[in-house]
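A closer look at the structure
If you want the building blocks of each chain, they are given just below.
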Amino acid sequence: MAITESSPSHDGTAKSSSKRSGLPVAGLAAVVFLVAVAVGGSFALAGIAVGSFEIDGNLAPDHLSTPAEPIDWLSVPFPASLTTFHDATGQGDDIFGQGSKENDQSGWVCTTGSAPQKDDILDQLSIPQSSSPVAGEIAFRFVGGKQFLYADWSRLSNNGDAHIDYEFSQNDLASSPASPACPQLAKRKPGDFLVSFDTNVAAGTLAVTAFSWNGSTFAPIATGNQGVLWDAAVNPGPFAGFVPANAGLKDVSNLFGELALDVSDTIGTIACNQVLSVSMKTRASTSLSAELKDRTRAMPVNFTVFNPAGANANGNAFAARLQDTLLGLDTTLPAATPPGCTQGVCSSQSGPGSNSNADQVLAVPPPSQPLLSANLLTASSASTVDPAGNAATDTGIAESAGVKVLGGLVTADVVRAVATAKATGFNASVSVAGSAFKNLVVNGTQLNDVNPNTRIDLPAPVFGTGSYVALLEETSSISQPSPGQLSGGTFAAEVTVNMIHVHVAGVIGGIEASDVIVSHAAAHADFPQPGGCPALAGTVSGGATILEEQTDPAALPVGLGQVAIPPQGGHDHQDLDQSTTSAATSGTSVSDSRGSVTATTSTSTSFAQAQDVCVAPAAGGCAVSVRALTAQANSSSGGGSSSSNANGTSLLGVTVGSTAIGDNPAPNTCLSLLPNVAVVLNEQVCDGAGTLACSPTGTPVTCSGSASSGLTVRAVHVIATEDGSLGLPAGANVIVGEAHADSSHP
């Protein structure tokens, strides 16, 4: 098999010349090998010299060595920053209109329709980093002090040569569109660059070329010899993780291609905030004046290497714990689940995956004791590490019904504890949203509003000195790397809530030195600080979601209209005509997130907008309805200070049950107008602030710091507190309109 070296022609196209050449040992690879495979005219080259990556025309690593080098797309963990592309096929595909030429953006028309089959990129690749198939990927990694780019693609048909572009843009497409008829892609700016993958099936050659935009045309960048500065391959046949959309194809070769390129020695090392977005395109031939065919959405470029394999989530929950010195009693209900759990119900997850447990006790007593009686005690704990969202989350839920403590000293119809801890590669947060009492009475006094860590001292002559009732007892902690630390640290969060804690110090009615805890939940999550971006001083994070619901704690939430930006900044946007989940609907919706990092500042803004929102739709109407809502979070850091706010947030025409709430409820307005359902309107929680400050009249928040801050805003948050409420299981969460923004700068 001939090895191809590409040299640019005068018009910027790539010409291939064949020559025999030996490949030197390079980088981390101790052995370099070439394999030529011919199957029905298809071909593949395989090598590991360029960037310690298996360029062999498939997804899976072909070794089980430790350390796991060279890597491939299915390596776990995947030690390179990853950006994935999705694309459809058929008449609804995103394509270029006729006359759109690669080197003339002024004539670009971005429309929808059907691309030629050989030029049609589409979702056919299954990877662990994505919950659904992808059409292509790019990744960046430093190996031996040099930066490498890896890329792949997937197309519908092999009935012709493939000409695939990856274009990297510095402009924000929202403010600098490619053309009036193509606002979906960014206008070129000097220094933008293009990496092209071209096949020549008849000649059995491959070419990887690069070009830089000089303001009027693309100037070629020398990529050198194959196997030294770049390598490429296509698939010779079927392989794991690739499911052709055209099931009738007998020959599936040349439907997938991949490349590795030494960026440092060709394009030049790319700073983490140098480019904002990247898109995939196909064109009719190798010529840069050729007509463009198919396109993907422009995606924010990720230069950050996440490590979900190093993330952890764990927690526990119990409905009641009874301790008494005189009785020799120390009982936790429900009993330890699974075996080895120290108290109540536990869950734990290290690395990608999920784990959950639940248990219940129908009535208390048994055992016979004077401390507590209850009709039903339930507890659950769920831990998840999500590699697609790069987040570790734990949620503990404990609920007690028909509660009577010490013969009536404290009573309640329902006592519910919810503790949630979440950690990502950029922030950590905790929440007790959903924790609630129903018909709480303490020592004869009914309490309708309970602030966190409320303590009611009991009469010393009756109960003993130091006796008390503590309500909504909360402890939490947030930790993160030191300001200015760019890698190697950990973001961690943990929270514990005891809804009722009765401590009796003296002797009364046959009990002595007693403690009763009703509805306890604890959660912990940690996620390693990502690496891969040594050139970046500040960071941003942002995201927005139109609808999100979680009805099964063991499963990942269902989300619609999700957008997110990487830590170096960028822009992501979605428009939806309508959104529907099992528990909510909305009309026209928009989600948007953008951010930027400069030498002195970091800023980010995210928002989610929706009209005609209906939560729990039924024949009689909606449990919660909103005519129009916007959840918006903004964050800015620099000059020794950082702050985040919810400016731009609004809720118009809000109704809960049959009660009209009106417009723009105060931040963190918590309502109990629906049976067994907690509703939070305009929920605002600062990163690292701990628990939600919640009241029926709302509680304003202030988010600030010296080097970093962040804020999450949820327009509507509905939580079912008992099984069957609104047709949802206990613990179900429904969020409409969520926005997050954070920023950091030394």
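These figures come from a predicted structure and were not determined experimentally.

Once that is clear, we can look at the environment of A319. Among the secondary structure elements, A319 is positioned in strand β19 (residues 312-324). A sequence separation of 59 residues divides A319 from T378, and the C-alpha atoms of the two residues are 5.9 Å apart. With near-sequence residues (within four places) excluded, A319 lies in contact with L333, P334, L377, T378, A379, A398, E399, S400, I517, V518 and S519.

A few words now on the pattern of salt bridges. Scanning all chains against the criterion turns up 18 salt bridges. The partner of E102 in a salt bridge is K281, with the nearest N and O atoms 3.4 Å apart. Placement of E102 in the loop between β4 (93-96) and β5 (110-113) and of K281 in strand β16 (residues 277-283) is noted, with a sequence separation of 179 residues between them. Notably, a salt bridge pairs R714 with E738, separated by 2.7 Å at the nearest N-O pair. Taken as a pair, R714 in strand β50 (residues 708-720) and E738 in strand β51 (residues 733-744) lie far apart in primary sequence, 24 residues in all. On the basis of relative accessibility, which here comes to 18%, the residue R714 falls in the buried class. Accessibility expressed as a relative area gives 15% for E738, which makes it buried. Residues participating in the shared-partner salt-bridge network are E102, D165, E167, R188, K281 and R283.

Pairing in this open sheet of 5 strands is antiparallel, and the strands run β3-β6-β7-β15-β14 from one edge to the other. In this open sheet, the two edge strands, each paired with only one partner strand, are β3 (81-85) and β14 (230-234). Put simply, the sheet's adjacent strands are angled 10° from each other on average, direction ignored. Note that β3 and strand β6 (residues 136-143) share 5 bridges and pair antiparallel. Bridge pairing in β6 links F85 to G136.

On to the environment of G543, then. As for its position among the elements, G543 is in strand β35 (residues 539-550). With 64 residues separating them in the primary sequence, G543 and F607 have C-alpha atoms 7.9 Å apart. What G543 contacts, discounting residues up to four positions off in sequence, is V563, A564, S593, S606, E738, A739 and H740.

A word on the pairing of strand β26 (residues 410-424). Taken across its 15 residues, β26 has 11 buried, putting it largely inside the fold. Sheet topology places strand β25 (residues 391-405) next to β26; 14 bridges connect them, and they run antiparallel. Note that in β26 the partner of A398 across the bridge is A417. Taking the residues between adjacent antiparallel strands as the criterion, β25 and β26 are bridged by 4 residues, where L406 takes a positive phi near 50°. Of the pairings in the sheet, the one linking β26 to strand β29 (residues 440-442) comprises 2 bridges and is antiparallel in character. Across the sheet, residue T411 finds its bridge partner in β29, namely V441. Across 3 bridges, β26 lies against strand β28 (residues 436-438) in antiparallel orientation. Residue pairing across strands places V414 opposite K438, the latter belonging to β28. Following β26, the chain reverses through 3 residues before pairing antiparallel with strand β27 (residues 428-431).

What follows deals with the side chain of S279. Among the structural elements, S279 can be located in strand β16. Since its relative accessible area comes to 5%, S279 is described here as buried. When neighbours within four sequence positions are excluded, S279 is seen to be in contact with F85, D165, Y166, E167, L185, T296, R297 and A298.

One broad rule of soluble globular proteins: the nonpolar side chains tend to lie buried together. In this structure, V410 and V502 are the most contacted members of the largest nonpolar core, which totals 55 residues. The element that contributes the greatest number of residues to this core is strand β33 (residues 490-508), accounting for 8 residues. Ignoring sequence-local partners within four residues, the contact set of V410 consists of V403, K404, V405, L440, V441, V442, V469, I500 and V502. V613, V626, L651 and L674 belong to the second-largest nonpolar core, a separate cluster that totals 41 residues.

Scanning all chains against the criterion turns up 4 disulfides. Paired through a disulfide, C341 and C346 show a sulfur-sulfur distance of 1.8 Å. Judged by the torsion about the S-S bond (60°), the C341/C346 disulfide is right-handed. Neither residue differs from the other here; C341 and C346 are each classed as buried. The disulfide partner of C614 is C622, and the gap between their sulfur atoms is 1.9 Å. Since a negative S-S torsion denotes a left-handed disulfide, the C614-C622 link at about -110° is left-handed.

In this section: the packing of aromatic side chains. Taken as a whole, this structure holds 11 aromatic pairs when the rule is applied. Plain terms: the ring middles of W73 and F78 are 5.9 Å apart, the flat faces sit at 20° to each other, and that makes the pair stacked. Side by side, W73 and F78 carry an identical accessibility label, which is buried. When the ring of F168 is compared with that of F193, the centres are 4.5 Å apart and the planes differ by 15°; the resulting orientation is stacked. Of this pair, F168 sits in strand β8 (residues 163-169) while F193 sits in strand β11 (residues 193-200), and the two are 25 residues apart along the sequence. In this structure, F168 and F193 share a single accessibility class: buried.

With an omega of 0°, the peptide bond running from V76 to P77 counts as cis. If you trace the backbone, P77 turns up in the loop between β2 (14-19) and β3. Phi at N443 is positive, roughly 55°, even though this residue is not glycine. In this structure, N443 sits in the loop between β29 and β30 (445-447). In this model, D612 sits at a positive phi of 50°, which is unusual for a non-glycine residue. You can see D612 is positioned in strand β42 (residues 602-618).

Rules and cut-offs
Residues numbered from 1 in each chain as written. Predicted model: local features only at pLDDT ≥ 70, side-chain atom pairs only at ≥ 80, totals over all residues. Heavy atoms only, no water. Helix = DSSP H or I, 4+ residues; strand = E, 2+ residues; numbered from the N terminus. Contact = heavy atoms within 4.5 Å. Salt bridge = Lys/Arg side-chain N within 4 Å of Asp/Glu carboxyl O. Buried < 20%, exposed > 50% of the residue type's maximum accessible area, 1.4 Å probe, protein only. Pairing = 2+ DSSP bridges. Axes fitted to C-alpha atoms, helices over the stretch in contact; angles between N-to-C directions. Core = buried A, V, L, I, M, F, W, Y, C linked by side-chain atoms within 4.5 Å. Disulfide = S-S within 2.5 Å. Phe/Tyr/Trp six-rings, centres within 6.5 Å; stacked < 30°, edge-to-face > 60°.

From the geometry alone we can't say anything about function, so treat these as descriptive.
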